[in-house]
Amino acid sequence: MNMPRWLRRLIVGVAAALATAVAAMALFFVFLHTGPGERWTSGKLEETVAGLELDGYHLGWPFRMRADYMRLADAQGTWLQATAPELVWHPLRLWRRVLDIDRLVAARVEVLRLPQPPETEQGGGMPRLSGTLRLEELRLPVVLAAPVLGEQVNLELSGTAIMATGGGNVDISLRIQGGGFARVNGTAGTDYLDLRWYLQVPDLSRWQRLAGRPLAGSVTGAGVVVGRLPSPEISGSLDLTRGHADSLGWDHLGLSGQAIPEPRLLRLALRVDAEAPRWQGKALPQSSISAWAIGDLSPELGRIRLGHAQLVTPMATVEGSAVLDQWGRRSFLRLRAQATPPGMADRVTARGEFSGDLTVPRLAGRLDVTADRFASGIPVVDRGLGPRPRARIGLSVDGERIRLAPSR
């Protein structure tokens, strides 16, 4: 069967067009690996990315992009510079909406300062990904200059990620020069997070300058960040070995907590356990202290509400609640304390209510005190007070002055 002439011409024309397109792509591909092609690509990248500068750009085979130096700048000048950055990726897979990166590495990345925020910010969730991101290897030695955190900090960032339109898996690690490790792994999406975090700092004294107070000891911790964006639930625990923070010292300190963001409100639950607590180097009478609190925080209103708080020691228990408005300038506190003074009574109970300004501090209130099976060992006192004496005491605090007076 003879093929019509017009069909043969059509096939030949299409084949020629395809051959020309393939040849043009091949020539363009070869051109990108030449000196003029590298300069053309470098210029296009600098036009596309605001504030980007590339020195010594080179394209290896097939798509190994390298540069001697890379800088990012804003209106105030350079805020980030990288030495020997290298990107190995597969740009042809972008046709399938896949950003496939084999390696993203550098010899050194220096963050000189924090960049200026963009003129317009969009809130709520993470940027939406319209395709798939695969990052096989991330390895960046990062130097945070003193303007970022107050002193220079050397880090090494590494990890992998596979992200699609609905979310994916991430595993990012951060090592701190001189000791220290942090890791985050799990799943993340455009509107949710399900991540685990781990922390290890072997020497807190390296961070006392950043904290602005003396620190000593080591800390390890773990927790989760899970929930819908932009308000995921954050929880975890920290264990600190023998050390101190400012005037407070301990043999062991355990911290655990949970934060649940809600519209205009942050719900909090915190617990602290301290073994062999010390103050200004001197041991406290209590061999251990445990404290916990449940409440919420409203930044817009400047209000802190403690639904219930408790402090427990071997000799006493103190519990109460509080509402602190205007960040403590208008405060109301209610407390109840029980103690077992040795040799004087089986139990002493105190209940009180106080109000005032905690920022000064300036408080006023009263205490109702009751002792069970009171026995001072002085016959005249014991006969006068009886086995269950009661007292109502007015208490006021003004700065460092504390006044006690009988009250009706």
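In case you missed it, the structure is sitting above this.
In this text, all values refer to a predicted model and were calculated from it rather than measured experimentally.

1. Regarding the pairing of strand β5 (residues 77-83)
Remark: a regular strand shows side chains that alternate across the two faces of the sheet.
Reasoning step 1: Pairing geometry for strand β4 (residues 69-74) and β5, over 6 bridges, is antiparallel. Across the sheet, the residue bridging to Leu72 is Leu80, located in β5.
Reasoning step 2: Following β4, the chain reverses through 2 residues before pairing antiparallel with β5.
Reasoning step 3: Both β5 and strand β8 (residues 108-111) contribute to a ladder of 4 bridges, which runs antiparallel. By the bridge assignment for β8, Leu80 is matched with Val111.

2. Describing the sheet that holds strand β14 (residues 215-216)
Reasoning step 1: Taken in spatial order, the 5 strands line up as β14-β17-β18-β21-β22 in an open sheet, and their pairing is antiparallel. Across the chains shown, the open sheet's two edge strands, defined by having one partner strand only, are β14 and β22 (282-283).
Reasoning step 2: Note: β14 against strand β17 (residues 243-245), 2 bridges, orientation antiparallel. Note on β17: the bridge partner recorded for Leu215 is Ala245.

3. Comments concerning the pairing of strand β25 (residues 316-325)
Reasoning step 1: As paired elements, strand β24 (residues 303-312) and β25 share 7 bridges and run antiparallel to each other. Opposite Leu306, over in β25, you have Ala322 as the bridge partner.
Reasoning step 2: Between β24 and β25, which pair antiparallel one after the other, the connecting turn spans 3 residues.
Reasoning step 3: Relative to strand β26 (residues 330-339), β25 runs antiparallel, the two sharing 10 bridges. Looking at β26, one finds that Ser321 is bridged to Arg334.

4. A word on the nonpolar core
Reasoning step 1: In terms of nonpolar packing, the biggest core is built from 41 residues, with Val109, Val111, Val142 and Leu144 touching the most fellow members.
Reasoning step 2: Counting residues per element, the ones that place at least two in this core are β1 (52-55), β5, β8, β9 (132-144), β10 (153-164), β11 (167-176), β13 (192-201) and β15 (219-228).
Reasoning step 3: The biggest single contributor to this core is β9, with 5 residues.
Reasoning step 4: Apart from the residues within four sequence positions on either side, Val111 is in contact with Trp79, Leu80, Val142, Val143, Leu144, Ala145 and Val148.
Reasoning step 5: The next biggest cluster of nonpolar side chains, apart from the first, holds 6 residues, and it includes Ala350, Phe354, Leu367 and Val397.

5. Concerning the environment of His244
Reasoning step 1: One can find His244 in strand β17.
Reasoning step 2: Judged by relative accessible area, which is 29%, His244 ranks as partly exposed.
Reasoning step 3: Once residues within four sequence positions are removed from consideration, His244 is found in contact with Pro214, Leu215, Ala216, Gly249 and Trp250.

6. Side note on the layout of surface pockets
Reasoning step 1: Computed from the structure, the largest pocket encloses a volume of approximately 640 Å³.
Reasoning step 2: Taken together, 23 residues form the lining of the largest pocket, with Met70, Pro85, Glu86, Leu87 and Leu104 sitting closest to its centre.
Reasoning step 3: Contributions of two or more residues to the lining of the largest pocket are made by β1, β3 (64-66), β4, β5, β6 (86-89), β7 (98-105) and β9.
Reasoning step 4: In terms of residues, the lining of the largest pocket owes the most to one element, β7, which gives 3 residues.
Reasoning step 5: Of the residues belonging to the lining of the largest pocket, the class tally is 21 nonpolar, no polar and 2 charged.

7. What to know about the side chain of Asp296
Reasoning step 1: With respect to the helices and strands, Asp296 occurs in strand β23 (residues 288-298).
Reasoning step 2: Asp296 sits in the buried class, given a relative accessible area of 8%.
Reasoning step 3: A polar contact is formed between the side chain of Asp296 and the side chain of Arg305, at a distance of 2.5 Å.
Reasoning step 4: Ignoring anything within four residues of it in the chain, the contact list for Asp296 reads Leu265, Leu266, Arg267, Leu268, Arg303, Ile304 and Arg305.

8. Topic: a nonpolar patch on the surface
Reasoning step 1: On the surface, a cluster of nonpolar side chains totalling about 270 Å² of accessible area is made up of Leu248, Trp279 and Leu284.
Reasoning step 2: Mapped onto the secondary structure, Leu248 falls in strand β18 (residues 248-250).
Reasoning step 3: Exposure remark for Leu248: the relative accessible area of 35% places this residue in the partly exposed category.

9. Quick look at the pattern of salt bridges
Close approach of charged atoms lets side chains of opposite charge pair.
Reasoning step 1: Per the stated rule, a full pass over the model turns up 29 salt bridges.
Reasoning step 2: Asp246 is paired through a salt bridge with Arg213; the nearest N and O atoms lie 3.4 Å apart. Linking Asp246 in the loop between β17 and β18 with Arg213 in the loop between α4 (208-211) and β14, this pair joins segments that are 33 residues apart in sequence.
Reasoning step 3: Relative accessible area serves as the criterion here: at 40%, Asp246 is assigned to the partly exposed category.

Cut-offs and rules
- Residues numbered from 1 in each chain as written.
- Predicted model: local features only at pLDDT ≥ 70, side-chain atom pairs only at ≥ 80, totals over all residues.
- Heavy atoms only, no water.
- Pairing = 2+ DSSP bridges.
- Helix = DSSP H or I, 4+ residues; strand = E, 2+ residues; numbered from the N terminus.
- Core = buried A, V, L, I, M, F, W, Y, C linked by side-chain atoms within 4.5 Å.
- Buried < 20%, exposed > 50% of the residue type's maximum accessible area, 1.4 Å probe, protein only.
- Contact = heavy atoms within 4.5 Å.
- 1 Å grid on protein atoms, 1.4 Å probe; cavity = no way out; pocket = protein on both sides within 12 Å on 5 of 7 lines; lining within 4 Å.
- Points joined across faces, edges and corners; volume = space filled by probe spheres on them.
- Nonpolar A, V, L, I, M, F, W, Y, C, P; charged D, E, K, R; others polar.
- Polar contact = N/O pair within 3.5 Å; in protein donor to acceptor, adjacent residues only side chain to side chain.
- Patch = residues over 30% accessible without salt bridge, like charges linked within 9 Å, V, L, I, M, F, W, Y side chains within 5 Å.
- Areas by Shrake-Rupley, 256 points an atom, 1.4 Å probe, with all protein chains shown as cover.
- Salt bridge = Lys/Arg side-chain N within 4 Å of Asp/Glu carboxyl O.

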